[in-house]
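Analysis of the macromolecular model
One letter stands for each residue in the lines below.
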Amino acid sequence: MAALALTVPMAITTGTAQARPPAKPNAVITWDMHAETAIYDVAEQSPTSAARSFAIVQGAVYDAVNAIAGTPYEPYLAAPRSRPGDSSPAAVATAAHDVLLWMFPGQAGSLRERYDQALAAIPDGRSKRGGISVGRTAAATMIDFRRDDGAFSDAKWPVGTAPGQWRPTPPGFLQVGAWYATLKPFVIRSSGDYSTPGPPALPSAAYARDLNEVQALGSATSTTRTPDQTDAAKWWDDPRQVEWTIQRRLATSHRLSTLQTARLFAMADVAAADALVACYKEKKRLAFWRPVTAIPLADTDGNPATHADPSWTPLRTTAPSAEYPSGHACYTTAVTTGWRTFFGRDDVSFSAYSADSGTTRRYDSFSEAAAELAEARVWAGVHYRFASEDGDRLGATVARDVLDQRFCRER
């Protein structure tokens with residue numbers, strides 16, 4: 001990692017950037033954008049489902065690029081046979097196309113069109129054929145590994161009627177995403193190896209403090225939430241995850257090579273997917289009620305320091321999953337842990353735009369962003385503080401375990 005950090009430029013001045021010749025298109029970034037189109041724009045997957053899909057794409061792409069580079073780092077699943085000079089762009093395009101086609105066979109036409117355009121830009125010959133072969137093998141290995149992994153099963157959340165127990169939330173009163181609790185992990189041995197302390201007891205002062213906080217700050221009509229907090233709540237809640245844009249901007253602004261980009265994306269995306277597996281296992285085990293349920297029913301929780309408001313609604317729509325721990329906190333902390341590990345430092349500046357908020361937010365470090373995400377879930381009215389804080393710790397623990405086993409070790 002120290003060697004890698006030395007190869008990654010941490011700042012780029014405007015003058016230096018203008019003096020450089022235009023950078024060649026980075027195939028990993030290009031196909032990450034194609035993946036977003038297939039996963040989010042067309043398939044309309046939720047952010048949680050999308051985490052699995054991005055991990056599948058980037059895991060396959062990483063193995064293909066790493067193999068062509070001579071396997072300088074431990075493979076994720078395998079190192080396909082390659083020859084010196086095999087085309088990395090052809091390998092990236094083939095690996096990404098093939099796993100996306102497996103996940104979304106109904107998009108065969110549009111995926112083929114993008115794939116043909118990518119291959120047309122690569123001169124015919126041995127290099128191109130070799131890259132295609134490597135990418136195809138990496139994709140086939142990934143497909144074999146993820147086939148029948150438990151995705152999209154008909155699993156349900158436990159529903160209760162007693163105080164503290166989860167029940168479907170407005171406006172849709174849906175049952176969505178419980179299958180992630182038993183999804184086959186990407187790296188960790190078992191999601192059962194991870195646990196959280198659980199929510200505070202309903203009669204406790206800690207529970208009353210956090211419920212009263214989200215009741216005041218997270219209401220759709222809050223008069224105590226500041227305009228910047230409202231902006232942050234919307235920015236972080238954009239279903240077109242800002243993390244997707246940030247990751248691509250990091251690779252572009254630091255002028256990462258194809259291999260570096262493939263490693264960065266795989267480290268973050270695979271760590272995030274496994275963090276969500278552990279997170280959703282805890283959500284299902286504890287099945288705690290959301291603020292949108294708890295606040296109108298606060299007169300039933302046995303805590304004299306809480307007060308019911310039957311008309312209370314959150315600023316943002318509550319996800320149709322159990323409350324604790326916060327899935328977004330698990331996810332974002334795992335992603336930022338991957339970025340921090342890759343760069344070997346925390347103080348990396350970045351920014352991104354959200355169409356939901358209509359604004360751009362800027363951060364000077366990965367930890368600053370993760371800390372604001374935990375706050376933003378309270379400001380949005382969708383999580384208690386304890387759910388975000390414990391989700392943050394769980395996401396970091398799982399991510400560190402993933403990265404201890406994959407992507408970081410040089411051979």
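Residues numbered from 1 in each chain as written. Predicted model: local features only at pLDDT ≥ 70, side-chain atom pairs only at ≥ 80, totals over all residues. Heavy atoms only, no water.

**A few points about the overall build of the chain**
Broken down by element type, the chain carries 15 helices and two strands. For a compact globule of 411 residues, the expected C-alpha radius of gyration is about 22 Å, and the chain comes in at 22 Å, within 12% of that figure. Viewed in the frame of its principal axes, the chain has a C-alpha envelope of about 75 × 50 × 40 Å. The buried share of the chain, reckoned over its 411 residues, is 56%. Across the chain, contacts joining residues at least 24 apart in sequence account for 80% of those joining residues at least 6 apart. Here the chain has roughly 16500 Å² of accessible surface; of this, 53% comes from carbon and sulfur atoms. Counting 42 positive and 43 negative side-chain charges, the chain places the averaged centre of each group 6 Å from the other. (Helix = DSSP H or I, 4+ residues; strand = E, 2+ residues; numbered from the N terminus. Rg over C-alpha atoms; globule rule 2.2 N^0.38 Å. Buried < 20%, exposed > 50% of the residue type's maximum accessible area, 1.4 Å probe, protein only. Contact = heavy atoms within 4.5 Å. Areas by Shrake-Rupley, 256 points an atom, 1.4 Å probe, with all protein chains shown as cover. Lys, Arg positive; Asp, Glu negative; His and termini not counted. Charge placed at Lys NZ, Arg CZ, Asp CG, Glu CD.)

**Topic: the layout of surface pockets**
Its boundaries defined by the atoms lining it, the largest pocket holds a volume of some 770 Å³. In terms of lining, the largest pocket is formed by 34 residues, of which the most central are S46, P47, T318, A319 and P320. Elements that contribute at least two residues to the lining of the largest pocket include exactly α4 (47–68), α11 (258–286) and α13 (327–343). (1 Å grid on protein atoms, 1.4 Å probe; cavity = no way out; pocket = protein on both sides within 12 Å on 5 of 7 lines; lining within 4 Å. Points joined across faces, edges and corners; volume = space filled by probe spheres on them.)

**Notes on the environment of F350**
Looking at the element boundaries, F350 is found in strand β1 (residues 350–354). Under the relative-accessibility criterion, F350 is labelled buried at 8%. Sequence spacing of F350 and Q58 is 292 residues, and the spatial spacing of their C-alpha atoms is 22 Å. Excluding its chain neighbours within four sequence positions, the residues that come into contact with F350 are I246, L250, R361, R362, Y363, S365, F366 and A369.

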